[in-house]
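Remarks on the overall topology
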Amino acid sequence: MARKSKAPARKKAGVKTKTAKANKKPASGPKKKGAKKKVAKAKSKPVRKRPAKASAKAATRVRKAKASGKKIIVVTGATGAQGGGLVRAILGDAKSKFGVRAVTRNPKSDKAVAIAKLGAEVVQADLDDVDSLKKAFNGAYGAYCVTNFWEHFSPDKELAQAAKMAEAAKECGLKHVIWSTLEDSRNWIPLSDNRMPTLMGKYKVPHFDAKGEANGQFTDRKVPTTFLLTSYYWDNLIHFGMGPQVGADGALTITMAMGDKKLPGIASDDIGRCAYGIFRSGAKYIGRTVGVAGEYLSGAEMAAALSKALGRVVRYDAVDPDTYRSFGFAGADDLGNMFQFNRDFSEEFCRARGLHEARSLNKDLQNFDDWLSRHKDEIPMPQT
Ligand SMILES: NC(=O)c1ccc[n+]([C@@H]2O[C@H](COP(=O)([O-])OP(=O)(O)OC[C@H]3O[C@@H](n4cnc5c(N)ncnc54)[C@H](OP(=O)(O)O)[C@@H]3O)[C@@H](O)[C@H]2O)c1
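Note that the structure is predicted; figures quoted are calculated from it, not measured.

With respect to the overall build of the chain
Regarding its fold elements, the chain presents 17 helices and 13 strands. Each of the 384 residues in the chain was classed as buried or not, and the buried ones make up 45%. Sequence separation of 24 or more characterises 80% of the internal contacts of the chain that already satisfy a separation of 6 or more.

Points about the sheet that holds strand β13 (residues 314-318)
Strand order in the open sheet formed by three strands is β8-β9-β13, and the pairing between neighbours is mixed. Two strands close off the open sheet at either side, each with one partner strand: β8 (245-246) and β13. Where strand β9 (residues 252-256) and β13 come together, five bridges link them in parallel fashion. What sits directly across from T255, in β13, is D317.

Here's the deal with the site of the ligand
Around the ligand, 29 residues are found, and the nearest of them are G80, A81, Q82, T104 and R105. Considering only residue class, the shell around the ligand consists of 11 nonpolar, 14 polar and four charged.

Quick look at unusual backbone geometry
What is expected of a backbone is that most residues other than glycine have negative phi and most peptide bonds are trans. At M200, a residue that is not glycine, the phi angle is positive and equals roughly 55 degrees. Summarising the element assignment, M200 is placed in the loop between β5 (176-181) and α9 (206-220). With phi around 55 degrees, K222 is a residue other than glycine that occupies positive phi space. K222 sits in the exposed class, given 10 other C-beta atoms within 10 Å.

Looking at the nonpolar core
Looking at soluble globular proteins, one finds that nonpolar side chains tend to be buried together. Formed by 95 residues in total, the largest nonpolar core has its most connected members in I73, V75, F137, A143, A169 and A275. Looking at which element gives the most residues to this core, the answer is helix α11 (residues 268-281), with six residues. When residues no more than four places from it in sequence are discounted, the contact partners of A169 are F137, A143, L174, V177 and V223.

Observations regarding the environment of W179
The residue W179 is located in strand β5 in this model. For W179 and A143, which are 36 residues apart along the polypeptide, the C-alpha to C-alpha distance reads 8.4 Å.

A word on the pairing of strand β4 (residues 142-145)
Alternating residues of β4 divide into G142 and Y144 and A143 and C145, and every residue in both groups is buried. Where strand β1 (residues 71-75) meets β4, three bridges bridge the pair, whose relative direction is parallel. Within β4, the residue paired with V74 across the bridge is A143. Direction of pairing for β4 relative to β5: parallel, over a ladder of four bridges.

So, the packing of helix α4 (residues 81-91) against α11
Where α4 meets α11, the axes come as close as 7 Å, and the angle between the chain directions of the two elements is 55 degrees. Our classification of the angle between α4 and α11 gives oblique. With respect to the hand of their crossing, α4 and α11 are arranged in right-handed fashion. For the pair α4 and α11, the contacting residues are A81, Q82, G83, G84, G85, L86, R88, A89 and I90 in the first and S268, D269, D270, I271, G272, R273, A275 and Y276 in the second.

Focus: the environment of I271
Positionally, I271 belongs in helix α11. We classify I271 as buried; it has 30 C-beta atoms within 10 Å. For I271, the residues in contact, after removing those within four places along its chain, are Q82, G85, T230, I266 and V292.

Structural notes on the sheet that holds strand β6 (residues 225-229)
Overall, parallel pairing links the seven strands, which are arranged β3-β2-β1-β4-β5-β6-β11 in an open sheet. For this open sheet the edge positions go to β3 (121-124) and β11 (289-291), each flanked by a neighbour on one side alone. Adjacent strand axes in the sheet meet at a mean angle of 20 degrees, parallel and antiparallel pairs treated alike. Where β6 and β11 come together, three bridges link them in parallel fashion. Bridge assignment links F227 to a residue of β11, and that residue is T289.

Remarks on α11
Between the first and last C-alpha of α11 there are 21 Å, a value that for 14 residues agrees with the 20 Å anticipated at 1.5 Å per step. Of all 14 residues in α11, 12 are buried; the element is thus mostly enclosed. All of the buried residues in α11 are S268, D269, D270, I271, G272, R273, C274, A275, Y276, G277, I278 and F279. Note on α11: the residue one or two positions beyond its end, G282, has a positive phi of about 70 degrees.

Some thoughts on the packing of helix α12 (residues 299-310) against helix α17 (residues 368-375)
Two elements in contact, α12 and α17, have axes separated by 10 Å at closest approach and are oriented at 35 degrees. The two elements α12 and α17 meet at a crossing, and its hand is right-handed. Across the interface between the two elements, M302, A305 and A309 of α12 pack against F368, D369, L372 and S373 of α17.

Conventions used here
Residues numbered from 1 in each chain as written. Predicted model: local features only at pLDDT ≥ 70, side-chain atom pairs only at ≥ 80, totals over all residues. Helix = DSSP H or I, 4+ residues; strand = E, 2+ residues; numbered from the N terminus. Buried ≥ 20, exposed ≤ 12 C-beta atoms within 10 Å, placed from the backbone. Contact = placed C-beta atoms within 7 Å. Pairing = 2+ DSSP bridges. Near = placed C-beta within 6 Å. Nonpolar A, V, L, I, M, F, W, Y, C, P; charged D, E, K, R; others polar. Core = buried A, V, L, I, M, F, W, Y, C linked by C-beta atoms within 7 Å. Axes fitted to C-alpha atoms, helices over the stretch in contact; angles between N-to-C directions. Parallel < 35°, antiparallel > 145°, perpendicular 65-115°, else oblique. Left-handed = near helix turned anticlockwise from the far one by under 90°. Expected span 1.5 Å × (residues − 1).

The quantities given are spatial measurements derived from coordinates; they are silent on function.
Given below as structure tokens:
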């Protein structure tokens, strides 16, 4: 049911480039070339040779950013749901003081070409390659940082990628970073708590925990960061195999392990729009954790809204978390634990995602009915 993992197209930038720190003009310091050399020699630090082509590219990037007069936001995941939402929000605002530098591993992909057509500067970088990130972040004002757990199912990899983005952001002196995060469920359910199984040796909800743990990568380096707590995408009904299925009794059913508790949900596009609101608001959000959601709904309420929108009866099957974990698809145990965590701490989980604040950041915030009215025809419907 979970999205199939895509083969990672890891095209490393062929050349190592200078760090952005080295790129930044020092406010004061040695002006003479000779003096610079002496310092390097005295400390006997290895001086990395920079390939002329790469450094010229980086310099052009900085020049272009300055010439545009816009503050550049580097968007990772730009060809995806969250980052794509932010790209469209910024480029859809003709009066925006921000420009977009979109990160992708493959600038020739259809999605990358489509965002270039919207006006984004598309650059190649890989979250696994810190030098490529430093090049991409060079000369920018801010960055939206997101990892994609579902491509590799490795929380350790997410943590390493977050560390690389934080390192690049620090070195490039970015003024505002948004880290797309989630709760580290181990702060609520320690590994010793047996109400749910420990997964991969040290996680309860791997795709949550690593993101929460990775907050420290940004705070430890004192990167000016807003920690954005995202919510369950309603788009999962289209792309993530969570749409209605035919149940054992032949009825259309959505299945979650939330009992009768409410789950904060959001249109994935609205995450990007809220992120844009955070960048626009600037300094007051730095250092803050902000949660966003479009509506809190129980499974029964989601099923009722789906039934109304689709004109077909959809029932909610509230399976217990053990049943969900046993479904056998890749990530079922992680999602079973996620639902159990969201169910058992539903009130707290909703409270951390203020609807009012989300709307203040994004006046077009959709609720589930709004989202359904736009997307109901995209939900794959099985024959009953
Ligand atoms: N589904 C939900 O309900 C939900 C809710 C909250 C949070 N999340 C989290 O959202 C995250 C995924 O975000 P999304 O849904 O926006 O992603 P998505 O639509 O699946 O797209 C994945 C994006 O990540 C980029 N990417 C992946 N690996 C990369 C790498 N090594 N280097 C550079 N770019 C890389 C891809 O870029 P290219 O392929 O162009 O290189 C693409 O833009 C997951 O970690 C998930 O846990 C999901």
